[in-house]
Amino acid sequence: FTDASAMRPRDPYLRRAACAFWAGDHEADSAAWALPGPVQTVYRAELYAILVALEVFRGDLEIVSDCKGVVDEAERIRSGGRVDPTSRHADLWARYSEALGAQGVRSALVRWVPSHEEEGSDRISPGDRAGNDRADGLANAHAKRIGPTASQAARYNRRSQQMEAIQDVHLRILTAAQEADPQDTQGRSSHARIARPANPALAGRRKC
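Here's what I pulled together on the structure shown here. (Residues numbered from 1 in each chain as written. Predicted model: local features only at pLDDT ≥ 70, side-chain atom pairs only at ≥ 80, totals over all residues. Heavy atoms only, no water.)

**Re helix α4 (residues 126–146)**
Taking 1.5 Å of rise per residue, the 21 residues of α4 would be expected to cover 30 Å, and the 30 Å separating its terminal C-alpha atoms lies within 8% of that figure. The complete set of buried residues in α4 reads Asp-128, Arg-129, Gly-131, Asn-132, Ala-135, Ala-139, His-142 and Ala-143. Taken around the axis of α4, the buried residues stretch over an arc of 165°, which confines them to a single face. Those residues of α4 that are exposed and angled more than 90 degrees off the buried face are Pro-126, Lys-144 and Arg-145. (Helix = DSSP H or I, 4+ residues; strand = E, 2+ residues; numbered from the N terminus. Expected span 1.5 Å × (residues − 1). Buried < 20%, exposed > 50% of the residue type's maximum accessible area, 1.4 Å probe, protein only. Arc of directions from axis to C-beta.)

**Some thoughts on the environment of Tyr-156**
Tracing the chain through its elements places Tyr-156 in helix α5 (residues 150–180). Taking the C-alpha atoms as reference points, Tyr-156 and Leu-14, 142 residues apart in sequence, are found 8.6 Å from one another. Those residues in contact with Tyr-156 that lie beyond four places of it in its chain are Arg-8, Asp-11, Tyr-13 and Leu-14. (Contact = heavy atoms within 4.5 Å.)

**A short note on the side chain of Glu-75**
Within the secondary structure layout, Glu-75 lies in helix α2 (residues 68–78). With a relative accessible area of 17%, Glu-75 lands in the buried category. In this structure Glu-75 touches Ala-108, Leu-109 and Val-110, once residues within four positions along its chain are discounted.

**So, unusual backbone geometry**
The residue Arg-8 is not glycine, and still its phi comes out positive at about 50°. Within the secondary structure, Arg-8 is located in the loop between β1 (2–7) and β2 (16–21). Judged by its relative accessible area of 27%, Arg-8 is partly exposed. The backbone of His-89 sits at a positive phi, close to 65°, despite the residue not being glycine. Looking at where His-89 falls in the secondary structure, it is placed in the loop between α2 and α3 (90–100).

Shown next, in the form of structure tokens:
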């Protein structure tokens, strides 16, 4: 069972993703780790968890994931589909395709389970629910360990709010200046400055 989690998943600057797999009867082999690389998305972490599970375990393997998009693409490639080299995460998909053909991998089925079902739902078996919950717990715990601390997140939030306030002031100043200076006047004065610089020494130079 594989899963992934991320802290601050909607924030591209603070987002940190973790991957995990729970190995069922081989629970001692279960693992969780940080998603490597600069692209920190849950989708990529879900894919990476499946990839690592495939590379670690050999033989007849069934990988269970609750990320339908990743599962559908994994099964398409397993069925002989070509990896699009221009697609997002093409590097991991190419690696997945290579792992399928590696020595020792006899068969590797990737199966989807709907994890957000109410108790008693016949869409997911008790065994699949338990396995998915264990993988989810591993991924969540590791994401909290590697993600920003509460103090870091609070400091980041304060600075973001400060930046937004500064931008708001800039916008107010610009709006007031435009309202006080008619559009045709702006056009004539701009053309005049371009045609006849006040200081010849500054001609061709950019001023902030």
